[in-house]
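Analysis of the macromolecular model
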Amino acid sequence: MTLQEAYQYGQKQLKNANIEDADVDAWHLLEFVTGLTRTQYFMRLQEPLASTREERYRECIAQRCNHIPLQHITGVQEFMGLEFCVNENVLIPRQDTEVLVESVLKVMQPGMHVLDMCTGSGCIAISLAKHSACEEVMGVDISESALKTAMVNAKKQDVRVKFVQSDLFSQVEGKFDVIVSNPPYIRTMVIGELEEEVKLHDPILALDGKEDGLFFYRKIIEAAPQYLKQNGQLYFEIGHDQGQDVKKLMEAAGFADVTIKKDLAGLDRVVFGVYI
Ligand code: GLN
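Cut-off values and rules
- Residues numbered from 1 in each chain as written.
- Predicted model: local features only at pLDDT ≥ 70, side-chain atom pairs only at ≥ 80, totals over all residues.
- Heavy atoms only, no water.
- Helix = DSSP H or I, 4+ residues; strand = E, 2+ residues; numbered from the N terminus.
- Rg over C-alpha atoms; globule rule 2.2 N^0.38 Å.
- Buried < 20%, exposed > 50% of the residue type's maximum accessible area, 1.4 Å probe, protein only.
- Contact = heavy atoms within 4.5 Å.
- Areas by Shrake-Rupley, 256 points an atom, 1.4 Å probe, with all protein chains shown as cover.
- Lys, Arg positive; Asp, Glu negative; His and termini not counted.
- Charge placed at Lys NZ, Arg CZ, Asp CG, Glu CD.
- Phe/Tyr/Trp six-rings, centres within 6.5 Å; stacked < 30°, edge-to-face > 60°.
- Lys NZ or Arg CZ within 6 Å of the ring centre and 35° of its normal.
- Near = heavy atom within 4 Å.
- Polar contact = N/O pair within 3.5 Å; in protein donor to acceptor, adjacent residues only side chain to side chain.
- Nonpolar A, V, L, I, M, F, W, Y, C, P; charged D, E, K, R; others polar.
- Axes fitted to C-alpha atoms, helices over the stretch in contact; angles between N-to-C directions.
- Parallel < 35°, antiparallel > 145°, perpendicular 65-115°, else oblique.
- Left-handed = near helix turned anticlockwise from the far one by under 90°.
- Arc of directions from axis to C-beta.

**Concerning the overall build of the protein chain**
- When helices and strands are counted, the protein chain shows 13 helices and nine strands.
- Compactness check: the protein chain gives a C-alpha radius of gyration of 21 Å against a globular reference of 19 Å for 276 residues, within 12% of the reference.
- With respect to the three principal axes, the spread of C-alpha positions in the protein chain is 65 × 40 × 35 Å.
- Counting only residues that meet the buried cut, the protein chain has 51% of its 276 residues in that class.
- Relative to all contacts within the protein chain whose residues are 6 or more apart in sequence, the contacts with residues 24 or more apart total 66%.
- Accessible surface, the protein chain: about 13600 Å² in total, of which carbon and sulfur atoms supply 48%.
- For the protein chain, the distance from the average position of its 28 positive side-chain charges to the average position of its 41 negative side-chain charges is 2 Å.

Written out as structure tokens, the structure is:
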């Protein structure tokens with residue numbers, strides 16, 4: 001089998017299995033198995049693929065046909081220009097979440113203390129530590145296995161993040177300039193309707209925002225004032241239809257200048273405000 005035949009085989013298999021981005025995924029898996037860049041691939045179309053690699057490629061394609069997320073096959077996901085290790089214990093970092101990180105980066109100043117509540121893979125905490133001159137970043141999660149992955153990621157990116165296992169704020173001490181969170185926010189009833197890649201392979205703990213999807217926003221908004229310095233800021237990622245609800249919750253709890261920000265698709269994605 002030549003490289004070109006392998007790629008065509010991958011595309012066809014994934015299309016037949018109704019995988020949405022069949023061509024893109026077939027390429028990424030070929031890249032993963034061969035280590036070739038796209039340019040190198042086009043220069044070597046007719047070269048044979050070594051049999052061990054061909055076997056590996058067929059295995060990867062078969063996994064993807066079974067709706068295993070691409071990132072669980074390759075073990076990585078890029079976020080904010082950094083490569084993160086991912087597995088079934090953490091939510092795969094989403095591009096939408098970059099809007100949240102970019103919003104926080106705009107207000108970051110040297111010496112700030114930042115808390116990332118529900119850190120998962122650590123993608124938010126680690127990106128903030130990497131791309132700003134903050135003094136301390138703390139990443140909190142209830143899941144021990146998620147924190148293990150987050151620690152691997154911090155080491156990989158060579159940044160210092162203090163990870164704490166805690167049910168929300170129960171084990172958190174100190175006061176912060178910024179609290180940021182992308183908590184679980186899907187309504188329980190809706191989880192069954194999500195695509196297979198998400199509902200079967202992202203951890204349910206990272207998705208389920210309970211009955212109305214707002215459970216964690218309420219809890220975090222209620223506790224945050226105790227953990228924020230004066231003029232401290234709270235930043236959330238939200239679902240596209242949760243902007244007004246979360247804004248109202250923040251205003252009712254005494255937050256000012258509460259603002260809703262859209263993502264690149266034009267959907268409400270971030271809510272933030274300041275605690276005076
Ligand atoms: N904060 C992590 C992320 O944005 C995990 C979010 C979650 O588990 N809901 O990827």
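**Some points on the packing of aromatic side chains**
- This model, assessed by the stated rule, comprises eleven aromatic pairs.
- With a centroid separation of 4.9 Å and an interplanar angle of 80 degrees, the aromatic rings of Phe215 and Phe216 are classed as edge-to-face.
- Look at Phe215 and you get partly exposed, because its relative accessible area is 28%.
- Through a chain of ring-to-ring contacts, three or more aromatic side chains come together here, namely Tyr7, Trp27, Tyr41 and Phe42.
- Taking the ring centre of Tyr9 as reference, the NZ or CZ of Arg58 above it sits at 4.6 Å.
- In this structure, Lys210 packs its charged tip against the face of Phe215, placed 4.6 Å from the ring centre.

**Things to note about the site of the ligand**
- Leu91, Thr97, Cys118, Thr119, Gly120, Cys123, Ile124, Asn182, Pro183, Pro184 and Ala206 make up every residue found near the ligand.
- At 2.9 Å, a backbone N or O of Cys118 approaches a nitrogen atom of the ligand.
- Relative to its unbound accessible area of 300 Å², the ligand is 97% covered by the protein chains.
- Partitioning the shell around the ligand into residue classes produces seven nonpolar, four polar and no charged.

**Let's talk about the packing of helix α6 (residues 97-107) against helix α7 (residues 123-131)**
- Look at α6 against α7: their axes get within 10 Å of each other, and the N-to-C directions meet at 40 degrees. One element, α6, and the other, α7, form an angle in the oblique class. In this structure, α6 meets α7 at a crossing whose hand is right-handed. Seen from α6, the contacting residues are Thr97, Leu100, Val101, Val104 and Leu105; seen from α7, they are Ile124, Ser127, Leu128 and His131.

**Things to note about the side chain of Ser181**
- With respect to the helices, strands and loops of the structure, Ser181 is situated in strand β6 (residues 176-181).
- Within the structure, Ser181 has its side chain in polar contact with the backbone oxygen of Met117 (distance 2.8 Å).
- Among all residues touching Ser181, those that are not within four sequence positions of it are Leu100, Asp116, Met117, Cys118, Ile220, Tyr235, Phe236 and Glu237.

**Description of helix α13 (residues 243-252)**
- Every buried residue belonging to α13 is among Gly243, Val246 and Met250, and all of these are buried. All buried residues of α13 lie within an arc of 75 degrees about the axis, which places them on one face of the element. Along α13, the residues that are exposed and aim more than 90 degrees away from the buried face are Lys248 and Ala252.
- Looking at the buried residues of α13, the elements they touch are α12 (215-227), β7 (228-237), β8 (255-262) and β9 (268-275).
- Remark: Gly254 follows α13 within two positions and exhibits a positive phi of approximately 100 degrees.

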